[in-house]
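Residue strings, one per chain:
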Amino acid sequence: MASIIASLPPPLLAQSRRNTLLTALPKLPVCSFKERQNRVAVVVRATSESSESSTSLSIVKSVQNAWDNSEDRIGLVGLGFAAVVAFWASANLITAIDKLPLLPSVLEFVGILYSSWFIYRYLLFKPDREELFQIVNKSISNILGQ
């Protein structure tokens, strides 16, 4: 569900037309604040037709299939626990590195240099983009075992 909150200034809504605007849009919840007599707040919420989105449904189904088809459920639980611990440790490591006085600036500079090199090497010219596309496809097929 997406929502938008807007506070409109008074020139957009004339005081005499406020009642006609509110009756023209009955599905939008409109409220005015007592502190700001000249402003109107509008809250708009957008929902999809179905109650569940297809992406979250497919993720849930794939996790259920992996759980049902596994023979070593204790190993899966251990793998999940190890992933949570690795995420926690990496977050703490990044926080510790960020607190060092000079290292974050050096790492940012190295990142800018590497990004510039990557753009020059793989993205700037068409044959290089095709080479990158082939490398990515080869890696994906190696990961999936095809």
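Residues numbered from 1 in each chain as written. Predicted model: local features only at pLDDT ≥ 70, side-chain atom pairs only at ≥ 80, totals over all residues. Heavy atoms only, no water.

Asker: Help me understand the overall build of the protein in this model?
Answerer: Of regular secondary structure, the protein possesses 5 helices and 3 strands. Ordered by position from the N terminus, the helices and strands of the protein form the series β-α-β-β-α-α-α-α. When each of the 146 residues of the protein is scored for burial, the buried share is 6%. Contacts in the protein between residues at least 24 apart in sequence constitute 41% of all its contacts with a sequence separation of at least 6. Working note: accessible area of the protein is about 12800 Å², and carbon and sulfur atoms make up 65% of it. (Helix = DSSP H or I, 4+ residues; strand = E, 2+ residues; numbered from the N terminus. Buried < 20%, exposed > 50% of the residue type's maximum accessible area, 1.4 Å probe, protein only. Contact = heavy atoms within 4.5 Å. Areas by Shrake-Rupley, 256 points an atom, 1.4 Å probe, with all protein chains shown as cover.)

Asker: It is not clear to me how the pattern of salt bridges should be interpreted in this structure. Could you clarify?
Answerer: It is possible for side chains bearing opposite charge to pair when their charged atoms get close. Counted according to the given criterion, the structure contains 2 salt bridges. The salt bridge involving Arg121 is made with Asp128; its shortest N-O contact spans 3.8 Å. Exposure remark for Arg121: the relative accessible area of 28% places this residue in the partly exposed category. By relative accessible area, Asp128 is classed as buried at 18%. Each of Arg121, Asp128 and Glu131 takes part in one network of salt bridges that share partners. (Salt bridge = Lys/Arg side-chain N within 4 Å of Asp/Glu carboxyl O.)

Asker: For this particular structure, what's the right way to read the packing of aromatic side chains?
Answerer: The description of an aromatic ring pair uses the distance of the two centres, along with the angle that the planes make with each other. Taken as a whole and judged by the stated rule, the model has 4 aromatic pairs. Plain terms: the ring middles of Tyr114 and Trp117 are 5.6 Å apart, the flat faces sit at 35° to each other, and that makes the pair tilted. Highlighted residues: Tyr114 and Trp117, both in helix α4 (residues 103–123), separated by 3 residues, approximately one helical turn. You can call Tyr114 exposed: its relative accessible area is 52%. Cluster of aromatic residues (ring-pair linked, three or more members): Tyr114, Trp117, Phe118 and Tyr122. The ring of Tyr122 carries the charged tip of Arg121 above its face, separated from the ring centre by 4.8 Å. (Phe/Tyr/Trp six-rings, centres within 6.5 Å; stacked < 30°, edge-to-face > 60°. Lys NZ or Arg CZ within 6 Å of the ring centre and 35° of its normal.)

Asker: So what exactly am I meant to see when it comes to a nonpolar patch on the surface here?
Answerer: Side chains of Leu100, Leu102, Leu103, Val106, Leu107 and Val110 sit close together on the surface and give an oily, nonpolar patch of about 510 Å² of accessible area. Take Leu107: it is sitting in helix α4. Here Leu107 falls in the partly exposed class, since its relative accessible area comes to 44%. (Patch = residues over 30% accessible without salt bridge, like charges linked within 9 Å, V, L, I, M, F, W, Y side chains within 5 Å.)

Asker: Looking at this structure, how should I read helix α5 (residues 126–144)?
Answerer: Think of an α-helix as 3.6 residues a turn; residues three or four steps apart then line up on the same face. Look at α5: 27 Å from first C-alpha to last across 19 residues, which is about the 27 Å you get at 1.5 Å a residue. Looking one or two residues past α5, Gly145 carries a phi angle of roughly 75°, positive in sign. (Expected span 1.5 Å × (residues − 1).)

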